[in-house]
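Now for the letters of each chain:
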Amino acid sequence: MQTLNHKKIAQEEEQLPVLAKPNKKAPRISASLKLKILTAIGCLAGPAIWICLKHFDIVSDRYLPAPIAVLDAFREVEPNILVHFAYTSFRLVAGFIAGAVAGIMIGIFINRSESINRLLSPSLQSMRSIPAIATVPFFLLWFGFSEWGKIILVVTGIAFNVAIATHQVLRDIPEKDRILFKSFDIDPTTFVVQYSLPRIFEALLPTLRFSLTTAVGVVIVSELLGAQIGLGYLIQTSRSTFSIHVIFLCMLLLGVLNSLLDIALTKGWSRLVYWKSN
Amino acid sequence: MAVSIQSCIILTSEGLQVVGLSYIRDGVQVFKDFSLQSAASLIVLRGASGCGKTTLLKLLSGHLQPQRVEYMPSAKGSCLVLQEDSLLPWMTGMENICKFAKISSCEVCQHPMYKLISRFVDKKAYQMSYGQRRMVELFRAIIHRPPYLYLDEPFNFLDEININAVAPFLVELSLTGTTVVLSNHHKEDIEIQRSADVFKFDGKFPVNSIDCLSRQV
């Protein structure tokens, strides 16, 4: 049995090249904290620029109200600005949900058979290409100032886009799924709950986010032309009284509403499509 | 590992016969007047990646259409299991089996192969490992009992123990009326090799014929 020659080992170790010592200092700011700081800067940059522009009087009140004036508008508006906000939110959310559901159902229906697809697709494509905003006067004549009219307007504004996108998702079945259904002699159009809906949910989020923006525009235009309460109505009446600070406040609230709904949509969707995030 | 035959009746399958198959893909003549004859009920296809094994399996199962063929087994009722995992991730393993193979969970639990998947079959497919998903897919194909079963690299993601556990069930399936054709790289499947006609692609295009390395014992 060989014994270790410690002296020889120590001599050999002395001859080995000395490696540079690693930098033991931890990073001062972690990567996630950097991202949070950048996000905060992005959120605060706009208001900061606004405050600077008004503080140094670079832009006149005719074009850009002061931040204080916009905050004062909260107290000036009657009824309370939050009531207007609530009405607009309700019309938007109700119309968006109904429109998305209707669009998905229409898309599943036209995918049932090629005959139904050929029969309905030309009409759907035509209606989809009509700008929803252009149909506002038509709905005002039909429904007047009623809430139903505004909700149905949002539904028609987004349902056809969602329907076409849904149909496309169901047509573009991955090869491995087509082979799977054929191997077990199953018609994929009959697997609505087990297959069609999950596949639709996987692919439809970008269309829905875009449709949300469309829905906001449609709601505001409908309120501009035919409402007695809501942010769009408030913008219209403020224009008549040159209350630019109120208009600004409404626009800010619309931006907040759109952002909150977009975040809620994205987070809710990731829960719905739970298998993709794991 | 000995094969346990569940039935006293051994059903003969038709073997596999292909005559005059020609197929072009993306401008490349993959098969030209290709012929293959085997009386075996279990056939193994070997060859390097890209030599045409998967294409042949897709042609035989009817998922690709040849430009010309004189004779080929009917694709009706055949089942193809690809290399890619095709379990629906939002369904459990049991749901993936029952809904596609159109059987009840009781029938699944009574199958002798159930013990190989019982630990994880009630998980959602996205929660399973690739090896577990492969086991569930093979179970589903075996319990389905199609007249022709085409398997593309069925032992991918499986360790030697699981390969040796599954192989007897494939052999048994081939003895009870199903012609099983599989492409495979693994050399651990001794049971399969012994029971099958083994053919090898030489990797050259167009494929006109393939060499038979060994015949069913």
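Residues numbered from 1 in each chain as written. Chains lettered and ligands numbered in written order. Predicted model: local features only at pLDDT ≥ 70, side-chain atom pairs only at ≥ 80, totals over all residues. Heavy atoms only, no water.

1. Focus: the overall build of chain B
Along its length, chain B carries six helices and eight strands. For chain B, the sequential pattern of α-helices and β-strands runs β-β-β-α-β-α-α-α-β-α-β-α-β-β. By residue count, 56% of the 217 residues in chain B fall in the buried class. A sequence separation of at least 24 residues applies to 71% of the contacts in chain B between residues at least 6 apart. In the structure as shown, chain B presents an accessible area of about 9600 Å², 51% of it carried by carbon and sulfur atoms. (Helix = DSSP H or I, 4+ residues; strand = E, 2+ residues; numbered from the N terminus. Buried < 20%, exposed > 50% of the residue type's maximum accessible area, 1.4 Å probe, protein only. Contact = heavy atoms within 4.5 Å. Areas by Shrake-Rupley, 256 points an atom, 1.4 Å probe, with all protein chains shown as cover.)

2. Some details on helix α2 (residues 31-55) of chain A
Residues and elements named next belong to chain A. Between its first and last C-alpha atoms α2 spans 35 Å; for 25 residues at 1.5 Å apiece the expected length is 36 Å, and the two agree. Most pronounced at Leu-44, the bend in α2 amounts to some 35°, and the proline Pro-47 follows within four residues. Just past α2, the residue Asp-57 takes up positive phi, approximately 55°. (Expected span 1.5 Å × (residues − 1). Bend = angle between axes of the 7 residues up to and from the residue.)

3. A few points about the domain arrangement of chain B
Residue and element names in this part refer to chain B. Here the domain parsing of chain B yields domain 1 (14-78 + 146-217) and domain 2 (81-145). Once you take the C-alpha centre of each, domain 1 and domain 2 turn out to be 23 Å apart. Listed as interface residues are 22 residues of domain 1 and, on the opposing side, 17 residues of domain 2. Of all residues in domain 1, the largest losses of buried area upon contact with domain 2 belong to Pro-146, Phe-157 and Phe-169, amounting jointly to 32% of the total for that side. (Domains from an automatic or database assignment. Buried area = accessible area lost by both parts, 1.4 Å probe.)

4. Some remarks on the pattern of salt bridges
Residues and elements named next belong to chain B. What the rule picks out here adds up to 15 salt bridges over all chains. Arg-68 is paired through a salt bridge with Glu-70; the nearest N and O atoms lie 3.7 Å apart. Note on Arg-68: relative accessible area 39%, which makes it partly exposed. Put simply, Glu-137 and Arg-134 hold a salt bridge, and the shortest N to O gap is 3.6 Å. Placement of both Glu-137 and Arg-134 in helix α4 (residues 130-144) is noted, with a separation of three residues, approximately one turn of the helix. (Salt bridge = Lys/Arg side-chain N within 4 Å of Asp/Glu carboxyl O.)

5. Section: the interface of chain B and chain A
Taken together, the contacts link 23 residues of chain B with 20 residues of chain A. Regarding the contact of chain B and chain A, the summed buried area is about 2000 Å², with carbon and sulfur atoms giving 66% of it. Across the chain B-chain A interface, the total number found is one salt bridge. Between Glu175(A) and Lys58(B) there is a salt bridge, and its shortest N-O distance comes to 3.0 Å.

6. A few points about the nonpolar core
Core analysis: the largest hydrophobic core is formed by 100 residues, its most contacted members being Ile97(B), Val108(B), Leu149(B), Leu170(B) and Ile192(B). Shared between two domains, this core takes at least three residues from each, and those domains are domain 1 (14-78 + 146-217) and domain 2 (81-145) of chain B. Ignoring anything within four residues of it in the chain, the contact list for Val108(B) reads Met94(B), Ile97(B), Cys98(B), Ile103(B), Tyr114(B), Phe139(B) and Ile143(B). Counting residues in hydrophobic clusters, the runner-up holds 28 residues, among them Ile179(A), Leu64(B), Val207(B) and Ile210(B). (Core = buried A, V, L, I, M, F, W, Y, C linked by side-chain atoms within 4.5 Å.)

7. Remarks on helix α12 (residues 244-272) of chain A
Residues and elements named next belong to chain A. Here α12 contains 29 residues, and its C-alpha end-to-end distance of 42 Å stays within 8% of the 42 Å for a straight helix at 1.5 Å per residue. Those residues of α12 lying buried are His-245, Val-246, Ile-247, Leu-249, Cys-250, Leu-253, Leu-254, Leu-257, Asp-262, Leu-265 and Trp-269. Looking at the buried residues of α12, the elements they touch are α3 (67-76), α4 (81-110), α9 (192-203), α10 (205-226) and α11 (231-240).

8. Some points on the packing of helix α5 (residues 114-129) of chain A against helix α7 (residues 147-171) of chain A
All names here are of chain A. Across the interface, α5 lies against α7 with an axial gap of 10 Å and an inter-helix angle of 145°. The element α5 and its partner α7 pack so that their crossing is left-handed. Contacts between α5 and α7 pair Glu-114, Asn-117, Leu-124, Gln-125, Met-127 and Arg-128 from the former with Phe-160, Asn-161, Ile-164, His-167 and Arg-171 from the latter. Considering only residue class, the contact of α5 with α7 consists of four nonpolar, four polar and three charged. (Axes fitted to C-alpha atoms, helices over the stretch in contact; angles between N-to-C directions. Left-handed = near helix turned anticlockwise from the far one by under 90°. Nonpolar A, V, L, I, M, F, W, Y, C, P; charged D, E, K, R; others polar.)

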